[in-house]
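Here is how the chains run, residue by residue.
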Amino acid sequence: MNRFNVKRIQGSWDGAALRRFSRSTAAMLLCVVVAGYLALGVASSGSFFEGPSVRVFLQYLATPILIGLAQMVALCVGQLNLAVGALGGFTACLMGVLMADHGVPAGVAVIVGLLTATAIGLVTGLVIVATQINGFIVTLATMTILLGAQYRLTGTRTVDGYSPTLRNLGTAAPLNIPLVFVTALVAAALLAAFMYRTVAGRRLLAAGGNPLAARLSGISTDRQIVAAHTLSGLLIGVAAVTATASLPGVNRSVGGDWLLPSFAAPIIGGVALTGGSIAVFGTVLAAFVTRLIDAARAQFSLDPSWVNLLIGLVVLGTVAGGRLHQTRLGKTGGTAAPPAEGGKQPPAVLPQPGGAR
């Protein structure tokens, strides 16, 4: 095969990939983000494009991205994590209390917070597997317990005397790009590499997409559920760090408004509730969309309840549209399995010696 033919084949592959992307949910969301950002900039007479406005916008975008990714990991194995907000709020308050009340250095407090959130995610997954109780019920109970623990830590006060080092992380923004936002993007990139490029990540998708086939091929679906909740807990811990660094103080209200955005980002981004798919880029873009809606509320002095109403309607419409699409595919004899991000189908099974446990 000569060099001309190789280039032509490569060009055809690139063209096909571009066409697939243009028809994807991520492409639509990218257009919405660009159009929405430009519209807000025009409505604000250009002030929305200025450095301070860009910095604030991106600073408070980090947490929605991370909690959306945390929920996405649980959804990819067919699970729901209702404890996202409670776990994030408890972890943030734990770090704040350690630094303000006990003088723990910021680095140590952050490590304790990350380990605690990861451990709680691990325990949640183990309880689901050991009891065979639906994850919805287990995470609901976990949420209730953590809300009580969060109140026990802070009571009615706001903890604001914690380390200046962590505060500096929250305010640092070289070239008006906040470090907490960069942290969220790095976490998204690492998660995408893990899910798409590693055997462990593909096992999570296989267990969520077709549990029976996964078990027959030797993949333990129980282990994948535990792994998904553990990874979800770690991402929530990172979100708690960015929230603690960005907020002026932490109290019992931290995390109280995280649950809806955590579901909105992956669902709007193209993740199926039935499991077996992820959409890292789509989830990040959907978090941008929800942040734009919140920025528009502040710009036009709208009632905050309209934000939740609009996001809820978008999530409901997305789920209903996906359901309708699957029904149509079933009637026409097509496959109803949701594709992974970028139009690639997730692997159904991965060969592995030995039986599933």
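So, how was this worked out
Residues numbered from 1 in each chain as written. Predicted model: local features only at pLDDT ≥ 70, side-chain atom pairs only at ≥ 80, totals over all residues. Heavy atoms only, no water. Helix = DSSP H or I, 4+ residues; strand = E, 2+ residues; numbered from the N terminus. Buried < 20%, exposed > 50% of the residue type's maximum accessible area, 1.4 Å probe, protein only. Contact = heavy atoms within 4.5 Å. Areas by Shrake-Rupley, 256 points an atom, 1.4 Å probe, with all protein chains shown as cover. Expected span 1.5 Å × (residues − 1). Arc of directions from axis to C-beta. Patch = residues over 30% accessible without salt bridge, like charges linked within 9 Å, V, L, I, M, F, W, Y side chains within 5 Å. Salt bridge = Lys/Arg side-chain N within 4 Å of Asp/Glu carboxyl O. 1 Å grid on protein atoms, 1.4 Å probe; cavity = no way out; pocket = protein on both sides within 12 Å on 5 of 7 lines; lining within 4 Å. Points joined across faces, edges and corners; volume = space filled by probe spheres on them. Nonpolar A, V, L, I, M, F, W, Y, C, P; charged D, E, K, R; others polar.

Visitor: What is the right way to look at the overall build of the chain in this model?
Guide: Helices and strands together make up the secondary structure of the chain, namely 15 helices and zero strands. When the 357 residues of the chain are sorted by exposure, 46% land in the buried category. Considering only contacts within the chain whose residues lie at least 6 apart along the sequence, 77% involve residues at least 24 apart. When the accessible surface of the chain is summed, it comes to about 17200 Å², and 67% of that surface belongs to carbon and sulfur atoms.

Visitor: I tried to follow the environment of A100 on my own but got confused; where do I start?
Guide: Checked against the element boundaries, A100 lands in helix α5 (residues 84-102). Spatially, the C-alpha atoms of A100 and D160 are 7.2 Å apart, while their sequence positions differ by 60 residues.

Visitor: Before we go on, may I ask you to explain helix α9 (residues 179-197) in this structure?
Guide: Because each turn of an α-helix spans 3.6 residues, side chains separated by three or four positions end up pointing in the same direction. With 19 residues, α9 should cover 27 Å at 1.5 Å per step; its first-to-last C-alpha distance of 26 Å lies within 8% of that length. When α9 is considered as a whole, its buried residues turn out to be V180, F181, A184, A187, A188, L191, A192 and M195. One side of α9 holds all its buried residues, which, seen down the axis, span an arc of 135°. Within α9, the exposed residues directed more than 90 degrees away from the buried face are L190 and R197.

Visitor: For this particular structure, what's the right way to read a nonpolar patch on the surface?
Guide: A surface patch of nonpolar side chains, amounting to about 540 Å² of accessible area, comprises L175, I177, L179, V182, V186 and L190. With respect to the secondary-structure elements, V182 resides in helix α9.

Visitor: I'm lost on the environment of V127 in this one. Help?
Guide: By the secondary structure assignment, V127 is in helix α6 (residues 106-131). It is 7.5 Å that separates the C-alpha atoms of V127 and V138, two residues lying 11 residues apart in sequence.

Visitor: Help me understand empty space enclosed by the protein in this model?
Guide: Unfilled space is identified by rolling a water-sized probe across the atoms. In total, this model carries one cavity of 30 Å³ or more according to the counting rule given. Approximately 50 Å³ is the volume attributed to the largest cavity. N81, A83, L87, I120, G121, T124, T139, T142 and H229 together form the lining of the largest cavity. Secondary structure elements with two or more residues in the lining of the largest cavity: α6 and α7 (135-154). In terms of residue count, the dominant contributor to the lining of the largest cavity is α6 (three residues). Of the residues contributing to the lining of the largest cavity, the split by class is three nonpolar, six polar and no charged.

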